[in-house]
Amino acid sequence: MAAHTDVKKFLPGFPSPDGRIREARGTFRHEDRMSGAAQAPAAGARPASRDTAIDLLKIMAIFGVLVIHAFAPFFDGGRNPAPEVWWLCYAVQSCIRFCVPVFVMCSGAMLLSGTKDMLPLAFYKKRLPKLLLPLLVWSVVYYVYKIGPEHLFSHASLEDFLAQLLTAKIIGNFWFLYMLLGVYLSAPFLQILLHATTRSQQWLFVGLSLGLPGFVLLWQPLLALRFGVEYSIFSSYVGYFVLGHLLQTAEPAQRKGRLLLFSLYLAMVLLTFFCQWSVQQRSSAYQFIFLEYTMLNIAVMSAAVFMLLRSVPLPGSPKWRNRIATVGKATYGIYLVHILAVFYLRLGIFGVPIVSTDFPPFLGVLIVAVGGFVLSLAMVLLLAKIPLLRKTVGY
């Protein structure tokens with residue numbers, strides 16, 4: 001984190017941060033969790049000092065992303081798959097749609113819940129290169145992959161590359177990186193506002209950020225009316241970012257609370273599937289609305305998963321925690337390379353082409369997701385051992 005600074009230096013006239021807020025932030029914060037949330041271990045430090053719950057959440061999230069993308073071949077080229085594939089896709093995605101919101105919440109938990117304030121320029125200098133360098137490097141890789149190496153000198157140009165880079169058109173899955181970049185730009189100012197507001201006010205901000213976009217997304221097409229209120233300050237992903245901080249600094253749930261959280265997660269899974277089923281009955285096209293990350297049912301599901309895993313007692317074995325830390329640290333890199341890994345599976349890198357459509361649907365999705373995860377992790381860990389390439393996978 002950046003060096004300590006005072007809120008008054010940035011917002012003249014604002015009162016000093018409420019002491020009760022600072023006390024609450026300290027009271028509910030576990031030392032072992034915050035040692036990992038505040039900053040990554042220094043070189044030579046034991047990975048066990050990382051927040052194991054956050055690492056597990058990130059691992060679950062990236063595997064969920066791979067499962068979602070493993071369904072893609074069933075719908076390639078506008079293909080209309082068999083009804084059982086539709087419903088399998090809806091059922092599985094209803095269970096794992098928390099993946100992207102949880103990624104953002106983990107970032108908020110790590111960046112906003114630290115003990116030191118963020119100086120904007122110092123924060124940008126430290127954090128933005130970790131996003132921008134991998135984005136640039138892998139954008140080049142996927143740009144060459146998309147054009148084809150054999151057409152590189154005849155079809156590619158710096159102007160075309162820069163145009164696609166700036167408009168996020170090189171590869172669709174990188175939308176997440178562009179979104180995260182925007183959230184990171186707001187992070188220092190969000191922390192200032194968090195210090196200057198009460199916890200109830202922070203929850204109100206999260207409620208508006210997660211509620212308004214979903215409301216508009218749902219009701220605007222149904223009513224055939226355009227929502228005229230300007231609410232862009234309430235971004236869903238900024239809401240998830242702050243929500244991660246609020247849940248990270250809350251008291252972990254006890255046994256009955258964990259049961260309630262699990263029940264809430266199951267209720268949201270069933271609600272999501274039922275709503276998707278209801279919408280699909282009225283349309284012959286693939287409907288997606290209740291699986292959108294900005295919908296309130298997905299937000300509640302994501303919060304339940306985050307808080308549940310944060311509250312579950314985890315094994316204390318240093319060896320186990322170190323292994324989880326190794327994989328958790330690689331999740332950003334896995335997101336960067338997993339499209340390439342799945343492409344290699346299709347080419348038959350293990351001696352036989354592996355495509356999810358070549359198997360029974362559930363088995364095919366599982367094989368591609370697990371195979372893509374393992375291959376992506378191996379690629380990231382290999383690149384992380386090469387000093388010049390380590391930072392290209394965010395390791």
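Details of the structure are given in the entry above.
The residue numbering used here restarts from 1 in each chain and proceeds along that chain's sequence as written. Per-residue local features of the predicted model are confined to residues with pLDDT of at least 70, and side-chain atom pairs are confined, for both listing and counting, to 80 or more; whole-chain, interface and lining totals are unaffected and use all residues. To obtain the side-chain values, all non-hydrogen atoms of the structure were included, while hydrogens and water were left out.

Colleague: Could you clarify how one ought to interpret the overall build of the protein in this entry?
Modeller: Starting at the N terminus, helices and strands are each numbered in turn, a helix being any DSSP run of H or I of at least four residues and a strand any DSSP run of E of at least two. A count of helices and strands for the protein gives 16 helices and zero strands. Only protein chains enter the accessibility calculation, which uses a 1.4 Å probe; a residue is then buried when its area is under 20% of its type maximum, exposed when over 50%, and partly exposed in between. Taking all 395 residues of the protein together, 49% fall into the buried category. Residue pairs at least 24 apart in sequence account for 81% of intrachain contacts in the protein once pairs closer than 6 positions are excluded. The criterion used for residue contact is that any of the two residues' heavy atoms lie within 4.5 Å.

Colleague: Looking at this structure, I do not really get the packing of aromatic side chains. What am I missing?
Modeller: To describe a pair of aromatic rings, one takes the distance between the centres and the angle between the planes. Within 6.5 Å between ring centres, the rings of Phe, Tyr and Trp (the latter by its six-membered ring) count as paired, and their orientation is classed by plane angle as stacked under 30 degrees, edge-to-face over 60, tilted in between. Scanning the model with the defined rule gives 24 aromatic pairs in all. Where F123 meets Y124, the ring centres are 6.1 Å apart and the plane angle is 65°; that geometry is what we call edge-to-face. Given the relative accessible area of 18%, Y124 is considered buried. In this structure an aromatic cluster arises from ring pairing among F103, W175, F176, Y237, Y240, Y293 and Y335. Here the guanidinium or amino end of K329 rests over the ring plane of Y395, the centre of that ring lying 4.9 Å away. Two limits define a charge over a ring: the Lys NZ or Arg CZ must be within 6 Å of the ring centre, and within 35 degrees of the ring normal.

Colleague: Looking at this model, I keep getting lost on a positive patch on the surface. Mind explaining?
Modeller: Candidate patch residues must exceed 30% relative accessible area and have no salt bridge, after which like charges are joined if within 9 Å and Val, Leu, Ile, Met, Phe, Trp or Tyr side chains if within 5 Å. Method for areas: the Shrake-Rupley scheme with a 1.4 Å probe, in which residue coverage is limited to the protein chains shown. Each salt bridge in this description consists of a side-chain nitrogen of Lys or Arg and a carboxyl oxygen of Asp or Glu lying within 4 Å of one another. Note on charges: Lys and Arg go in the positive column, Asp and Glu in the negative column, and His and the chain ends are not counted at all. A charge is said to be at NZ when it belongs to Lys, at CZ for Arg, at CG for Asp and at CD for Glu. Together, K116, K126, K130 and K391 make up a region of like positive charge exposed at the surface. On the secondary structure map, K116 appears in the loop between α5 (99–112) and α6 (120–147).

Colleague: Any chance you could explain empty space enclosed by the protein here in plain terms?
Modeller: Any empty space left between the atoms is revealed when a probe the size of a water molecule rolls over them. Here the term cavity refers to a set of points on a 1 Å grid, laid over the protein atoms alone, in which a 1.4 Å probe fits but cannot get out; the term pocket refers to an open set having protein on both sides within 12 Å along at least five of seven lines, with lining residues being those that place an atom within 4 Å of a point. Grid points are joined across faces, edges and corners, and a volume is the space filled by probe spheres set on the points. Summed over all chains, the structure comprises two cavities of 30 Å³ or more. If you add up the space inside the largest cavity, you get close to 50 Å³. Looking at the largest cavity, the residues that line it are H69, A70, P73, V342, R346, I354, V355, S356 and V368. Going through the elements one at a time, α3 (52–70) and α15 (331–347) are the ones with two or more residues in the lining of the largest cavity.

Colleague: Can you walk me through the packing of α3 against helix α16 (residues 361–384) in this structure?
Modeller: Only the contacting stretch of a helix is used when fitting its axis, a line to C-alpha atoms as for every element, and angles between N-to-C directions run 0 to 180 degrees. Packing of α3 against α16 leaves a shortest axis separation of 8 Å and a crossing angle of 130°. If you check the angle between α3 and α16, you find them oblique. Once α3 is placed against α16, the crossing between them reads as right-handed. Of the residues in α16, those touching α3 at I59, I62, F63, L66, V67 and A70 are V365, V368, A369, V370, G372 and F373. Residue classes in the contact of α3 with α16 are distributed as eleven nonpolar, one polar and no charged. Relative orientations are named as follows: roughly parallel for angles under 35 degrees, roughly antiparallel for angles over 145 degrees, roughly perpendicular for angles from 65 to 115 degrees, and oblique for any other angle. Two helices that cross are described as forming a left-handed crossing if the nearer one is turned anticlockwise from the farther one by less than a right angle, and a right-handed crossing if clockwise. Three classes are used, and their members are as follows: Ala, Val, Leu, Ile, Met, Phe, Trp, Tyr, Cys and Pro are nonpolar, Asp, Glu, Lys and Arg are charged, and the others, Gly among them, are polar.

Colleague: Would you explain the nonpolar core in this entry?
Modeller: To qualify as a nonpolar core, a set must consist of buried Ala, Val, Leu, Ile, Met, Phe, Trp, Tyr and Cys residues joined through side-chain atoms within 4.5 Å. Among the nonpolar cores identified, the biggest contains 113 residues, and W138, F176, Y240 and F241 are the most heavily contacted of them. In contact with W138, not counting residues within four places along its chain, are F174, L336, V337, L340, L383, T392 and V393.

Colleague: Honestly, the packing of α6 against helix α9 (residues 175–195) in this entry has me stumped. Any pointers?
Modeller: Taken N-terminus to C-terminus, the directions of α6 and α9 make an angle of 175°; their axes are 9 Å apart at the nearest point. Classed by the angle they form, the pair α6 and α9 counts as roughly antiparallel. Residues P120, F123, Y124, R127, L128, L131, L132 and L135 of α6 lie in contact with α9, whose contacting residues are L177, Y178, L180, L181, Y184, L185, A187, P188 and F189. In terms of residue class, the contact of α6 with α9 is made up of 16 nonpolar, no polar and one charged.

Colleague: Would you explain the pattern of salt bridges in this entry?
Modeller: Oppositely charged side chains may form a pair once their charged atoms are brought near each other. Applying the stated criterion to the full structure yields one salt bridge. Among the salt bridges present, the one from D55 reaches R50, with a minimum N-O distance of 2.7 Å. Assessed through its relative accessible area of 2%, D55 is described here as buried. Among the residues examined, R50 registers a relative accessible area of 12% and is labelled buried.

Colleague: Could you clarify how one ought to interpret a nonpolar patch on the surface in this entry?
Modeller: A surface patch of nonpolar side chains, amounting to about 360 Å² of accessible area, comprises F362, L366, V370 and V374. Positionally, L366 belongs in helix α16. For L366, a relative accessible area of 39% gives the class partly exposed.

Colleague: Would you take a moment to explain the environment of F189 for this structure?
Modeller: You can see F189 is positioned in helix α9. Given a relative accessible area of 41%, F189 falls into the partly exposed group. In this structure, the C-alpha to C-alpha distance between F189 and M118, residues 71 residues apart in sequence, is 8.3 Å. The contact partners of F189, leaving out residues within four places of it in the chain, are P120 and Y124.

Colleague: What is the right way to read unusual backbone geometry from this model?
Modeller: Peptide bonds are mostly trans, and most non-glycine residues show a negative phi. Its identity is not glycine, yet A168 carries a phi of approximately 60°, on the positive side. Among the secondary structure elements, A168 is positioned in the loop between α8 (158–166) and α9.

Colleague: Please clarify how the side chain of Q202 should be interpreted in this entry.
Modeller: Following the sequence through the fold, Q202 ends up in helix α10 (residues 199–223). Here a polar contact is recorded for every N or O atom pair within 3.5 Å, except that within protein the pair must consist of a potential hydrogen donor and a potential acceptor, and residues adjacent in sequence are included only if both atoms are side-chain atoms. Here the side chain of Q202 touches T197 through a polar contact of 3.1 Å, landing on its backbone oxygen.

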